[in-house]
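Letter by letter, the chains look like this.
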Amino acid sequence: RKKKTKMADDEPMEEAPADAPAEGEVEVAEMSVLDALRDVLKRALIHGGLKRGLREVAKALDSRTAKLCCLAKDCDNAEYSNLVRALCDEGGVSLVMVDEGKQLGEWAGLCKINEEGEATSVVRCSAACVTEFGEDTRALSVLLTYLKAQAPEDK
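Residues numbered from 1 in each chain as written. Predicted model: local features only at pLDDT ≥ 70, side-chain atom pairs only at ≥ 80, totals over all residues. Heavy atoms only, no water.

A. Just the overall build of the chain, in detail. Across its full length, the chain carries 6 helices and 6 strands. Within the chain, the fraction of its 155 residues that count as buried is 30%. For the chain, restricting intrachain contacts to residue pairs at least 6 apart in sequence, the fraction spanning at least 24 positions comes to 73%. Accessible area for the chain stands at about 10400 Å²; split by element, carbon and sulfur atoms hold 49% of it. (Helix = DSSP H or I, 4+ residues; strand = E, 2+ residues; numbered from the N terminus. Buried < 20%, exposed > 50% of the residue type's maximum accessible area, 1.4 Å probe, protein only. Contact = heavy atoms within 4.5 Å. Areas by Shrake-Rupley, 256 points an atom, 1.4 Å probe, with all protein chains shown as cover.)

As structure tokens, this is what we get:
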């Protein structure tokens, strides 16, 4: 029978917390909106509140359960992007534009993670929306603050 060890018992883990607070403070101060969006999408995926693809996004926007919507700028179908934009406007849902569909697909969990922790086999995703944020984090507050600042410009 193998002896199970807890991570807290490992020596390298004991040394890491001494350095971690300084790095953590710097990371929090420099969190960009896209980093915050990535974290919010990952947390929503974990809590089962992320809808991916046109069908799921359209259903969530139509039923008014969506709280935040993402659309890829490189979406080549104009009807697709017009539908998502119109549904967002109709429901008063904030729309965040992401540069690439591959990037949105990776953030939405449409990929495989290799041994090094890098995303491989990323599937392109043109639209995703959050119906349940999950937990209240720093990233969520950064993103919501950004969206509130953007709201007056859109209307």
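There is more to say after this.
B. A look at the sheet that holds strand E3 (residues 94-98). On the basis of which strands lie adjacent, the open sheet formed by 4 strands has the order E1-E6-E2-E3 and mixed pairing. Among the strands making up the open sheet, the edge pair consists of strand E1 (50-52) and E3. Here the strands of the sheet are splayed against their neighbours by 20° on average, with no regard to which way each runs. Sheet analysis places strand E2 (residues 68-72) next to E3, joined by 5 bridges and oriented parallel. Each residue of the ladder has a partner; that of leucine 68, found in E3, is serine 94. Against the sheet, helix H2 (residues 33-46) touches E1, E2, E3 and strand E6 (127-130), its axis set at about 100° to E1. (Pairing = 2+ DSSP bridges. Axes fitted to C-alpha atoms, helices over the stretch in contact; angles between N-to-C directions.)

C. Representation of the pairing of E6. Residues Ala127 and Cys129 of E6 are buried on one face, and the alternating residues Ala128 and Val130, pointing to the opposite face, are buried as well. Sheet analysis places E1 next to E6, joined by 3 bridges and oriented antiparallel. Bridging across to E6, lysine 51 finds its partner in cysteine 129.

D. Representation of the nonpolar core within the structure. Leu37, Leu41 and Leu68 are the most contacted members of the largest nonpolar core, which totals 22 residues. Counting residues per element, the ones that place at least two in this core are H2, E2, E3, helix H5 (101-107), E6 and helix H6 (138-154). In contact with leucine 41, other than residues within four places in its own chain, are Leu50, Cys70, Leu104, Trp107 and Val130. In this structure, Ala66, Val84, Leu87 and Cys88 belong to the second largest nonpolar core, which totals 15 residues. (Core = buried A, V, L, I, M, F, W, Y, C linked by side-chain atoms within 4.5 Å.)

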